[in-house]
Amino acid sequence: MSSDRRDFVLTAGKLLVLTAPAAAYLEAVETGKAEEPAYKMAEHYWGMIVDVDKCIGCGNCVRACKTENDVPVEPYFFRTWVERYHVAEGAEHPDVDSPDGGYSGFPEKYAAGDGAKSFFVPKLCNQCAHSPCTQVCPVGATFESPDGAVLVDKSYCLGCRYCVQACPYGCRFIDPRTKTVDKCNLCYHRITKGLTTACCESCPTGARQLVDLKDPKDPVHDFLRDHKIQVLKPQLATGAKVYYNGLDGSVR
Amino acid sequence: MNRFLKDKEHLVRMAALFAVGVVLFLILKAVLVPKGFGVYGHYRAGALADNRVRAPRFAGRSACIECHTDERDAWKGGKHAGVGCEACHGALAKHAEDPSASNAFKPDPKTICFTCHLTNAAKPRKFPQIDPKNHFDGGACNGCHSPHAPDKEPKK
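What you are looking at is a predicted structure, and each value in this text was computed from that prediction instead of being measured.

Draft legend 1. Region of interest: the sheet that holds strand β1 (residues 46-51) of chain A. Residues and elements named next belong to chain A. Sheet architecture is open: 4 strands sit in the order β9-β1-β11-β10, paired in mixed fashion. Of all the strands in the sheet, the pair left with one neighbour each is β9 (208-212) and β10 (229-230). Bridge count between β10 and strand β11 (residues 242-245): 2 bridges; the pairing is antiparallel. From the neighbouring strand, I229 faces β11, where its bridge partner is N245.

Draft legend 2. Just the domain arrangement of chain B, in detail. Taken as a whole, chain B is organised into domain 1 (2-52) and domain 2 (61-143). Once you take the C-alpha centre of each, domain 1 of chain B and domain 2 of chain B turn out to be 61 Å apart.

Draft legend 3. Looking closely at the environment of E66(B). All names here are of chain B. Among the structural elements, E66 can be located in helix α4 (residues 61-67). Given the relative accessible area of 66%, E66 is considered exposed. Remark: the alpha-carbon pair of E66 and A96, spanning 30 residues in sequence, is separated by 9.6 Å.

Draft legend 4. Layout of the interface of chain B and chain A. Facing 45 residues of chain B, the contacting portion of chain A comprises 58 residues. Around 4,300 Å² of area is buried between chain B and chain A when both sides are counted, 58% of it from carbon and sulfur atoms. A per-residue breakdown of the area chain B buries against chain A is headed by N51(B), R52(B) and F58(B), which together make up 17% of the total. D153(A) is paired through a salt bridge with R44(B); the nearest N and O atoms lie 2.7 Å apart. There are 18 residue pairs in polar contact (both at pLDDT 80 or more) connecting chain B and chain A. Per-element tally for the side of chain B that touches chain A: the top contributor is helix α2 (residues 9-32) of chain B, with 6 residues. Residues that form the side of chain B that touches chain A fall into these classes: 25 nonpolar, 9 polar and 11 charged.

Draft legend 5. Broad picture of the packing of aromatic side chains. All names here are of chain A. Per the counting criterion, the structure on display carries 6 aromatic pairs over all chains. Ring centres of Y76 and F77 lie 5.8 Å apart, and the angle between their planes is 85 degrees; this geometry places the pair in the edge-to-face category. Residue classification places Y76 among the exposed positions, given a relative accessible area of 62%. The interplanar angle of 50 degrees and the centroid separation of 5.5 Å between the aromatic rings of F77 and F173 together place this pair among those described as tilted. In this pair, F77 sits in the loop between α2 (60-69) and β2 (80-87) while F173 sits in strand β7 (residues 173-174), placing the two residues 96 residues apart along the sequence. Grouping aromatic residues by their ring pairs yields a cluster made of Y76, F77 and F173. Over the face of the ring belonging to F78 we find K66, whose NZ or CZ atom lies 4.3 Å from the ring centre. Against the face of Y45 rests K241, its NZ or CZ located 4.8 Å from the ring centre.

What counts, and where the lines are drawn
In every chain, residue numbers begin from 1 and rise along the written sequence. Labels are handed out in written order, letters beginning with A for the chains and numbers beginning with 1 for the ligands. Given that this is a predicted model, residues contribute local features only at a pLDDT of at least 70 and side-chain atom pairs are listed and counted only at 80 or more, while totals for whole chains, interfaces and linings are drawn from all residues. Where side-chain values are given, they derive from all heavy atoms of the structure, hydrogens and water being excluded. Strand pairing is assigned whenever DSSP detects at least two bridges linking the two strands. Runs of H or I in DSSP of at least four residues are treated as helices and runs of E of at least two as strands, each being numbered from the N terminus. Residue ranges assigned to each domain were obtained from an automatic or database domain assignment. Classification of residues uses two cut-offs on accessible area relative to the type maximum, computed with a 1.4 Å probe and protein chains only: under 20% is buried, over 50% is exposed, and between them is partly exposed. Contacts between residues were defined by any pair of non-hydrogen atoms, one from each residue, lying within 4.5 Å. Once two parts are joined, some of their accessible surface, as seen by a 1.4 Å probe, is lost; buried area is that loss totalled over both. We count a salt bridge whenever a side-chain nitrogen from Lys or Arg sits within 4 Å of a carboxyl oxygen from Asp or Glu. Here a polar contact is recorded for every N or O atom pair within 3.5 Å, except that within protein the pair must consist of a potential hydrogen donor and a potential acceptor, and residues adjacent in sequence are included only if both atoms are side-chain atoms. Polar here means any residue outside two lists: the nonpolar Ala, Val, Leu, Ile, Met, Phe, Trp, Tyr, Cys and Pro, and the charged Asp, Glu, Lys and Arg; Gly therefore counts as polar. Stacked, edge-to-face and tilted labels apply to pairs of Phe, Tyr and Trp rings (six-membered ring for Trp) whose centres lie within 6.5 Å, assigned for plane angles under 30 degrees, over 60, and everything in between, in that order. Here, a charge over a ring means that NZ of Lys or CZ of Arg falls within 6 Å of the ring centre while also lying within 35 degrees of the ring normal.

Okay, structure coming up:
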């Protein structure tokens, strides 16, 4: 009699513990169906090529990005921006400026023929495969998607700013309207519909190109083979997937 | 045997307390962990769909040239063939969806060209740049160059 009760408690306890994985399994079955059939995540892996020698600093990408993604226009919030480098011959440190992130272009500020090397570098989230920013999120509100974009779950973000500090490239900001984090999501709403990103669409010179690393027909494979490619801050081993062609050593 | 079960009361109470704890934990977990968490990783699977719902504001050049065939024919063979329509005309997805409901923006041919062609030391040297002071000053650019198919040797 008494041992029966003990057995009951033990069995009931075991059953209770088992309900957790069972529930998780059921949930997985349910939500797995929610994926849009037209777009198959497993068939894509997104990245970008930035060809520094082609960038003319027109600012089209910065403006297009703000329009497409409703980024606040105040010049402190950017999902993408453009920097101007000015490196005097033999200089140890470059002069870098980015007036309004390049939103209104770059008014000429250096004297013509001063002998310095000068160029533009577009910047955006590097869509890292081992991103430091997603690792610090305490609630799982930012993550690397299976198709290679680093996304934010706005409905779940606490606005704690850990990820803003963790990103070594300064690609994140707190949206003053929602008090949640925002960043380049590689126009996830566009690329999953077969469009390119807003910045690539409006880039006049092809200095930035969205690439699908899982598509064997994507010209990216030839491009990566034929050019000397660099990512930003390779020493951090972030697995950055924005590949820069013609990147100068002065760029950090 | 009996000696061990003699004071079993407190064991049962502890087991019951433990069971209540487990149930409480499971209830809390069910309430607090959002649906779909952990399907693909340590995040809500629904967040992927949330990131997809936005409607695009740039239609893309392939949409424009479906209707504007005259501009397409001029543009395709010209020096601006690599420049998307919306690089000059701005985001026009609304117009592309329903042209009668939303007018398209027509850029000012006197100023739009400077976004790209104004001289700047940081621009790649091979990119065609002009200084308006030394380039047929005053004349609207489209008086000599067509915006859709500009020519280096424009017909006057």
